[in-house]
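# Working through the structure, step by step
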Amino acid sequence: MKKVGSLQEWTGKGVKSLREKRIRCAEAWYKSAKIGKWKQLYFKWLQHRYKFDEWHITPINFRPYAIDIVQYVNKQPKNRVVEIGCGLGEIIGNIRGRGIEREGLDLSADVVHAAKVIYRNVYFRVGTFGDVKGQKIDYLITVNFIHGISPEELRKQYKYLCENNEIEHIVLDIVKSPEYRFNHDIDYLFEGLEYKVKKRLRRQQAKNGNRWVYILEKI
């Protein structure tokens, strides 16, 4: 009997080439529920070792909106992807592409240390919005943590990023839920900036509400 969420599901019948098997294995790392349960145990061990906040231990496998981001960005042409508020690197670490540069920033030094253990081919550093300057970025990812920042402050930070970098696309999420401190308005955040909505990914459930991921592109 085939186990749902096992590697066999991704690399079994129908896989005709080694390249396709590698792609399936990479997908299983962030999509398989079975692997997700193993990763959660591993992340708990890392949390005990590095003392980062416990909420980081939920793998991408159980965060559908994050899976959607990875699947979308992986299909796009790109040279450089940067994620602010990367946590353990579960999004930036699963972005794939030949020769691409990946960088993850987080304010927690403890979580950055752990991310470096999990995703060794990604450049991680301690930092936030103001530490990204003078870069040419194809996709800038800022999700989840932004709901703890006031609209006024977040708008100011996006303005800084757009004025001090060449950013082709910005990925962010909007939630409608009383469980989050701030429910942002995308028009307010980017008013006066030369960006437009390119795509809105499918609706996903947030705690007592809904979440939408938006892809903005430079006009």
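For every chain, the first residue of the written sequence is number 1, and numbering continues from 1 onward in sequence order. Residues qualify for local features only when their pLDDT is at least 70, as the model is predicted, and side-chain atom pairs are given and counted only at 80 or more; totals for whole chains, interfaces and linings, by contrast, use all residues. The side-chain values count all of the structure's non-hydrogen atoms but skip hydrogen atoms and water molecules.

## Comments concerning the packing of helix α3 (residues 33-50) against helix α5 (residues 109-118)
Look at α3 against α5: their axes get within 10 Å of each other, and the N-to-C directions meet at 135 degrees. One element, α3, and the other, α5, form an angle in the oblique class. When the axes of α3 and α5 are compared, the crossing they make is right-handed. When α3 is examined against α5, the residues Y42, F43, L46 and Y50 are found in contact with a partner set consisting of D110, H113, A114, V117 and I118. Basically, the charged four are Asp, Glu, Lys and Arg, the nonpolar ten are Ala, Val, Leu, Ile, Met, Phe, Trp, Tyr, Cys and Pro, and anything else, Gly included, counts as polar. Partitioning the contact of α3 with α5 into residue classes produces seven nonpolar, one polar and one charged. Here the axes come from fitting lines to C-alpha atoms, over the contacting stretch only for helices, and the angles between their N-to-C directions go from 0 to 180 degrees. Here a strand is any run of E in DSSP of at least two residues, a helix any run of H or I of at least four, and the numbering for each starts at the N terminus. Oblique is the label for every angle not falling under 35 degrees (roughly parallel), over 145 degrees (roughly antiparallel), or within 65 to 115 degrees (roughly perpendicular). Whether a crossing is left-handed or right-handed is set by the direction in which the near helix is turned from the far one by less than a right angle, anticlockwise for left-handed and clockwise for right-handed. Only heavy atoms matter for contacts: two residues are in contact if any of them lie within 4.5 Å across the pair.

## Focus: the pattern of salt bridges
Counted as salt bridges are all cases of a side-chain nitrogen of Lys or Arg within 4 Å of a carboxyl oxygen of Asp or Glu. In this structure the tally under the stated criterion is nine salt bridges. With a closest N to O distance of 2.9 Å, E101 and R80 form a salt bridge. With a gap of 21 residues between them, E101 in strand β2 (residues 101-106) and R80 in strand β1 (residues 80-84) connect regions that are remote in the sequence. When a residue's accessible area, from a 1.4 Å probe over protein chains only, is under 20% of the maximum for its type it is buried; when over 50% it is exposed; and in between it is partly exposed. Using a relative accessible area of 44% as the deciding quantity, one classes E101 as partly exposed. According to the relative accessible area criterion, R80 is buried, its value standing at 15%. The salt bridge involving R125 is made with E103; its shortest N-O contact spans 2.4 Å. One end of the pair, R125, is in strand β3 (residues 123-126); the other, E103, is in strand β2, and 22 residues separate them in sequence. Residue E103 is classed as buried on the basis of its relative accessible area, which comes to 3%. Through salt bridges with shared partners, a single network forms among R80, E101, E103 and R125.

## A short note on the environment of P151
Position of P151 among the secondary structure elements: in helix α6 (residues 151-164). For the pair P151 and F182, spaced 31 residues apart in sequence, the C-alpha to C-alpha distance is 7.4 Å. Once you skip the residues sitting within four places of it in the chain, P151 turns out to touch F182, H184, Y188 and L189.

## So, helix α4 (residues 64-74)
α4 sits mainly inside the fold: eight of its 11 residues count as buried. Within the span of α4, buried status applies to Y65, A66, I67, D68, I69, V70, Y72 and V73.

## Side note on the layout of surface pockets
Computed from the structure, the largest pocket encloses a volume of approximately 730 Å³. Both cavities and pockets are sets of points on a 1 Å grid over the protein atoms alone; in a cavity a 1.4 Å probe fits but cannot get out, in a pocket the set is open with protein on both sides within 12 Å along at least five of seven lines, and lining residues sit with an atom within 4 Å of a point. W55, H56, R63, Y65 and N144 are the residues nearest the centre of the largest pocket, which is lined by 34 residues in total. Looking at the lining of the largest pocket, the elements with two or more residues in it are α4, β1 and β7 (204-206). Looking at the lining of the largest pocket element by element, the count peaks at three residues for β7. Taken together, the residues of the lining of the largest pocket sort by class into 16 nonpolar, 11 polar and seven charged. Grid points are joined across faces, edges and corners, and a volume is the space filled by probe spheres set on the points.

## Some points on the nonpolar core
What we call a nonpolar core is a set of buried Ala, Val, Leu, Ile, Met, Phe, Trp, Tyr and Cys residues that are connected through their side-chain atoms within 4.5 Å. Ranked by internal contacts, the top residues of the largest apolar core, which has 36 residues, are F52, I69, I91, F124 and V171. For this core, the secondary-structure elements that each account for two or more residues are α3, α4, α5, β4 (136-142) and β8 (209-218). For this core, the element with the most residues is α4, which contributes seven residues. Other than its neighbours up to four places away in sequence, I91 contacts I60, A66, I69, V70, E83, I141 and V143. Residues V132, I170, I174 and F190 belong to the second largest nonpolar core, which totals 25 residues.

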